[in-house]
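# Summary of the model geometry
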Amino acid sequence: MNDNNVSSKRRSLLKGAAGAAGLAATGILHAPAVIAQPARLKVGLMLPYTGTYAALGNAITNAFKLYIAEKGGKVGGREIEYVVLDDESEPAKGVDNANRIVNRDKVDVLVGTVHSGVQAGMVKVSRESGVLSIIPNAGFGAATGQLCAPNIFRSSFSNWQTIHPLGKVMMEKGHKSCVWISWKYAAGEEMFGGFKEGYEKVGGKIVKEMWLPFPNVEFQALLTEIAAAKPDAVACFFAGGGAVKFVKDYDAAGLKGKIPLYGNGFVTDGTLQAQGSSAQGLLTTLHYADGLEFPKDKTFRLAYAKAYKLQPDVYAVQGYDAAQMLDVGLSAAKGDIKAQKQIVAAIEKATIDSPRGRFTISRAHNPVQDIYLRQVVGESNKFVGIAWKNLSDPARGCSMA
Ligand code: PHB
């Protein structure tokens, strides 16, 4: 093409543009046949996909995606695009990883995580950036306590909440003294606080506290100490791969038939196949159980099993409900993620039809929910009863509560 041709082409383009502008002014130009789609909504999944909590991160991811798929891949009319980041349950990288996904990848919504120490870093970034955030597991108390914020919600539990009812359960079984054992990090410590408060209130005595650094699983020396201390019972918090090993080691040390083991249900959720006979009979408290009679639970379990050839657990339920909460908020705002006030108001007043049973959301943005007593039978955490009806986290220090 010579210079002449270029300039004549340019001229005709200009003429065309001017002509179109003229037609538009007269109202003759019609809208193009293809209607522009709204941009996709970027959902950041910051979860552990390696390490002792890897199975938990995967279950949350699976069920979150299941819900979105059930809605045709869209919420509030917006197609979802995922940005996935493995946080490795590594608190030292929490702030950097959260900054990467929020400020570099520019997600519209932040979903995560499992580990309370990592959550502390994420909450900092959520508060600074104002990004809509849904916590699908970590019980980090301050997220819905001292550091609560309008843009931060939780679809799971607070560390205080699931274990607070356990002391009463243990006293009713006649266990007046116990040893506490857990990992020494935010979740273990906060759960200890919730347990102690409930157990001492009904007259229980904690004779010894035992702690291991996360995610250490060298239990042997401590199990020998427990045998020597001879408490009425043992109460614990462990989860994921570490929980599998703890329950098996407790049995192998000969303690299972002698000193009853209790915990919140994380010690037996998603772990029963691997724990086998070592877990049989264990009593735990949690906001989910096998054998609940809710229609929503039945359809959820069928759909999850069909999609993933796996049985769902409490982590899957929390992932599914995180997606439900996002849907409620975004649908109310017709897909406009910038309409945060509207989104927040819609989630705050929602009743979530969860597989765990319906729940509402407290003013501090934590689920208000029933805590069940469950017992391990075969590969089920069988529903035994309600340990505490409609339990709300006290949300200490939250200015919104
Ligand atoms: C936590 O770190 O908050 C945490 C991790 C795993 C659980 C429960 C809580 O199963």
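Please read all numbers here as calculations on a predicted model, not as lab measurements.

## Structural notes on the pairing of strand β3 (residues 78-86)
Two elements, strand β1 (residues 41-47) and β3, share seven bridges in a ladder whose sense is parallel. Note on β3: the bridge partner recorded for Gly44 is Val83. Here strand β2 (residues 74-75) pairs with β3 via two bridges, running antiparallel. Looking at the pairing, Val75 lines up with Arg78 of β3. Taken together, β2 and the strand that follows it, β3, pair antiparallel across an intervening segment of two residues, in which Gly76 is found at a positive phi of about 55°.

## Focus on the side chain of Ser156
For Ser156, the position within the fold is in the loop between β6 (152-154) and α5 (159-163). Here Asn137 takes part through its backbone oxygen, which lies 2.8 Å from a polar atom of the side chain of Ser156.

## Regarding the sheet that holds β1
An order of β2-β3-β1-β4-β5-β6 is seen for the six strands of this open sheet, with the pairing classed as mixed. Both outer strands of the open sheet, β2 and β6, are each paired with one neighbouring strand and no more. When β1 meets strand β4 (residues 109-111), the two strands line up parallel, connected through three bridges. Across the sheet, Gly44 pairs through a bridge with Leu110, a residue of β4.

## Structural notes on the nonpolar core
Membership of the largest hydrophobic core comes to 96 residues, with the highest contact counts inside it found for Ile181, Phe195, Phe237 and Phe238. Per element, the largest residue contribution to this core is 10 residues, and it comes from helix α12 (residues 314-332). When residues of this core are assigned to domains, at least three fall in each of domain 1 (41-157 + 293-368) and domain 2 (162-286). Beyond its immediate sequence surroundings of up to four residues, Phe237 is in contact with Tyr53, Trp180, Ile181, Ser182, Trp183, Tyr185, Ala187, Gly188, Met191, Asn264 and Phe266. Counting residues in hydrophobic clusters, the runner-up holds 12 residues, among them Met46, Val107, Val118 and Val131.

## Some words on helix α7 (residues 186-201)
Look at α7: 23 Å from first C-alpha to last across 16 residues, which is about the 22 Å you get at 1.5 Å a residue. Taken as a whole, α7 has its buried residues at Ala187, Gly188, Met191, Phe192, Gly194, Phe195, Gly198 and Tyr199. Phi turns positive one or two residues past the end of α7, at Gly203, with a value near 95°.

## Considerations on the packing of aromatic side chains
One pass over the full model with this rule turns up 24 aromatic pairs. Taking the centre distance of 5.5 Å and the plane angle of 50° together, the rings of Trp180 and Phe192 count as tilted. Highlighted residues: Trp180 in strand β7 (residues 177-183) and Phe192 in helix α7, separated in sequence by 12 residues. For Phe192, a relative accessible area of 9% puts it in the buried group. Seen in terms of ring centroids, Phe219 and Phe246 are 5.0 Å apart; in terms of plane orientation they differ by 70°. Their pairing is edge-to-face. Of this pair, Phe219 sits in the loop between β8 (205-212) and α8 (220-229) while Phe246 sits in helix α9 (residues 240-252), placing them 27 residues apart in sequence. Phe219 sits in the buried class, given a relative accessible area of 1%. In this structure an aromatic cluster arises from ring pairing among Tyr53, Phe157, Trp183, Tyr185, Phe214, Phe219, Phe237, Phe238, Phe246, Tyr250, Phe266 and Tyr315. Looking at Lys65, its charged tip hangs above the ring of Tyr82, at a distance of 4.8 Å from the centre.

## Describing the layout of surface pockets
Of the voids in this model, the largest pocket is the one considered here, and its volume is about 540 Å³. Considering the residues around the largest pocket, the lining is formed by 23 residues, among which Gly270, Thr271, Gln311, Pro312 and Asp313 are closest to the centre. Elements with a contribution of two residues or more to the lining of the largest pocket: α2 (54-70), α10 (272-275) and α11 (295-308). It is α2 that provides the largest number of residues to the lining of the largest pocket, a total of four residues. Structurally, the lining of the largest pocket is a two-domain feature, drawing no fewer than three residues from each of domain 1 (41-157 + 293-368) and domain 2 (162-286). Computed from the structure, the second largest pocket encloses a volume of approximately 210 Å³.

## Let's talk about the domain arrangement of the protein
Split by domain assignment, the protein resolves into domain 1 (41-157 + 293-368) and domain 2 (162-286). Here domain 1 and domain 2 have C-alpha centroids that lie 28 Å from each other. Each partner contributes residues to the interface: domain 1 has 14 residues there, and domain 2 has 18 residues. Note on domain 1 versus domain 2: buried area summed over both sides is about 1,100 Å², and carbon and sulfur give 63% of it.

So, how was this worked out
- Residues numbered from 1 in each chain as written.
- Predicted model: local features only at pLDDT ≥ 70, side-chain atom pairs only at ≥ 80, totals over all residues.
- Heavy atoms only, no water.
- Pairing = 2+ DSSP bridges.
- Helix = DSSP H or I, 4+ residues; strand = E, 2+ residues; numbered from the N terminus.
- Polar contact = N/O pair within 3.5 Å; in protein donor to acceptor, adjacent residues only side chain to side chain.
- Core = buried A, V, L, I, M, F, W, Y, C linked by side-chain atoms within 4.5 Å.
- Buried < 20%, exposed > 50% of the residue type's maximum accessible area, 1.4 Å probe, protein only.
- Domains from an automatic or database assignment.
- Contact = heavy atoms within 4.5 Å.
- Expected span 1.5 Å × (residues − 1).
- Phe/Tyr/Trp six-rings, centres within 6.5 Å; stacked < 30°, edge-to-face > 60°.
- Lys NZ or Arg CZ within 6 Å of the ring centre and 35° of its normal.
- 1 Å grid on protein atoms, 1.4 Å probe; cavity = no way out; pocket = protein on both sides within 12 Å on 5 of 7 lines; lining within 4 Å.
- Points joined across faces, edges and corners; volume = space filled by probe spheres on them.
- Buried area = accessible area lost by both parts, 1.4 Å probe.

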